[in-house]
Amino acid sequence: MKTYGFIKVACASPKTMVSDCNYNTEQIMEQMSIAKDEKSAVLLFPELSITGYTCGDLFFQNTLLSSALESLEKIKVHSQYMDLLTVVGLPIQLNNAIYNVLAVVLNGQLLGLIPKTYLPNYNEFYEQRWFKSSFNLLDEDVNILGEWVPIGNNILFSHTSITNLKIGVEVCEDLWSPIPPSTALSLNGATLILNGSASNDLIGKHQYREQIISTQSAKTISAYLYASCGYGESSTDVVFSGQCLIYENGHLLKENKRFELESSIIYSEIDLDRLTHDRYKMTTFSDTGRAIADQTCREIIFDMTIKNDTLTRSFDPFPFVPSDKSDRNIRCEEIFAIQRNALAKRLEHIGTPKAIIGVSGGLDSTLALLVAVKTFDILNRDRKEIIGVTMPGFGTTDRTYLNAIKLMQLLGITIKAIDISPACILH
């Protein structure tokens, strides 16, 4: 698969018990084993997936914070020899403050910590009561579980040999900000953006959420993975649907069924070569890099074996022709409108009162004639000023010739027939 530039990724929304780190960790490790068996290379979990998002003031308790760190150690050990880059969420206490972070784990190592930057404190959200923003960080590296680990919202995880496999991470609300961290991460090379989230559901909110993710994926020409917490997260007046989404350059590749009562996991393959090609082609993307010249990223190098050798993702054999009839009709009307307006401008510019067109009875000349007729109609010109020329010869069949004549008669244009048989004999 990697020969063709694909990498298999997964998003999971495990069943949760609020503040029960042991239960949540078992669920996470079970999903890790499933993803490994499916030969995924990347697995994303929701924000605060180890503790649960709706712990409230329990986040102030050392018992919960210590238990979350112990769970992270279990997940590290479980990840050994998996070749599965896993992203999980937990609260971490640093310098007399608590941070909401996503931890990046691979093969028994903690590669980095990504703290949430923009903390929502409106409507049903009270995160500033418990957490500090990444803006408050004093250090770029912290001692966690006995090792020094990079921390910050500007970390880029780069594969040693797959040069276009670069991963950026942001947390939930970061995406909703006017300039998300993923913008700078993408301009610094990230082709995969991972967003672990805890976004509750209201009527219509999931559609708004999908629009934002799709737009950010398209603007950054990246694959965007989104995983939100689900069933078991809250017994209060907010509900979480466990939505998981995988986008590639604005296009939805995979989504799960929301409001499931059990854990959920989805997979798809990301076309890294296509993303790289699209970035080369869109010069606006590279030009934008000047705007973030001062927003450099720290690069963390990692290595793992890409094991997947099958493609589950489907490709439309007719990508330019919508399969849905109503969509196809809209597309055809748009094609006619583009051609019609272009021809109208040309006719007005050259000042000709007439149009001459060869009509063979085939598809190409039929389309051209229909465009000409529609153009004359919107210009309020007489269709008789369109001269349709048919040139029957030895190769002309009655079917195509009669089709051409009937078409011109029905459209009400001027018909002119030039038999080229004598010219062929003369030659």
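Each value, and the rule that gives it
Residues numbered from 1 in each chain as written. Predicted model: local features only at pLDDT ≥ 70, side-chain atom pairs only at ≥ 80, totals over all residues. Heavy atoms only, no water. Phe/Tyr/Trp six-rings, centres within 6.5 Å; stacked < 30°, edge-to-face > 60°. Helix = DSSP H or I, 4+ residues; strand = E, 2+ residues; numbered from the N terminus. Lys NZ or Arg CZ within 6 Å of the ring centre and 35° of its normal. Core = buried A, V, L, I, M, F, W, Y, C linked by side-chain atoms within 4.5 Å. Buried < 20%, exposed > 50% of the residue type's maximum accessible area, 1.4 Å probe, protein only. Contact = heavy atoms within 4.5 Å.

> Could you give me a rundown of the packing of aromatic side chains, with the residues and numbers involved?
Considering all chains together, one arrives at 7 aromatic pairs under this definition. Where Y118 meets F135, the ring centres are 5.9 Å apart and the plane angle is 80 degrees; that geometry is what we call edge-to-face. Of this pair, Y118 sits in the loop between β5 (109-115) and β6 (141-144) while F135 sits in the loop between β5 and β6, and the two are 17 residues apart along the sequence. Through pairs of rings, three or more aromatic residues link up here, namely F59, W130 and F131. For K374, the ring lying beneath its charged end belongs to F336, and the centroid distance is 5.4 Å. The residue whose ring lies beneath R381 is F376, and the NZ or CZ to ring-centre distance is 5.7 Å.

> Could you give an account of the nonpolar core, naming the residues involved and the relevant values?
I50 and L113 are the most contacted members of the largest nonpolar core, which totals 47 residues. Elements supplying a minimum of two residues to this core: β1 (6-13), α1 (21-37), α2 (62-78), β3 (85-94), β4 (97-106), β5 and β6. No other element matches β4, which puts 6 residues into this core. In this structure, L113 is in contact with I92, V101, L102, A103, V142, I144, V149, P150, I151, G152 and I155, ignoring residues within four places of it in sequence. Counting residues in each nonpolar core, the second largest holds 38 residues, with I7, V42, L85 and V171 among its members.

> For unusual backbone geometry, give the residues involved together with the corresponding values.
Despite not being glycine, D83 has its phi angle at roughly 55 degrees, a positive value. Take D83: it is sitting in the loop between α2 and β3. Judged by its relative accessible area of 14%, D83 is buried. In this structure, I221 is a non-glycine residue whose phi angle is positive, near 45 degrees. Mapping I221 onto the fold places it in the loop between α4 (205-219) and β11 (223-228). Residue I221 is classed as buried on the basis of its relative accessible area, which comes to 2%.

Structural measurements only, silent on function.
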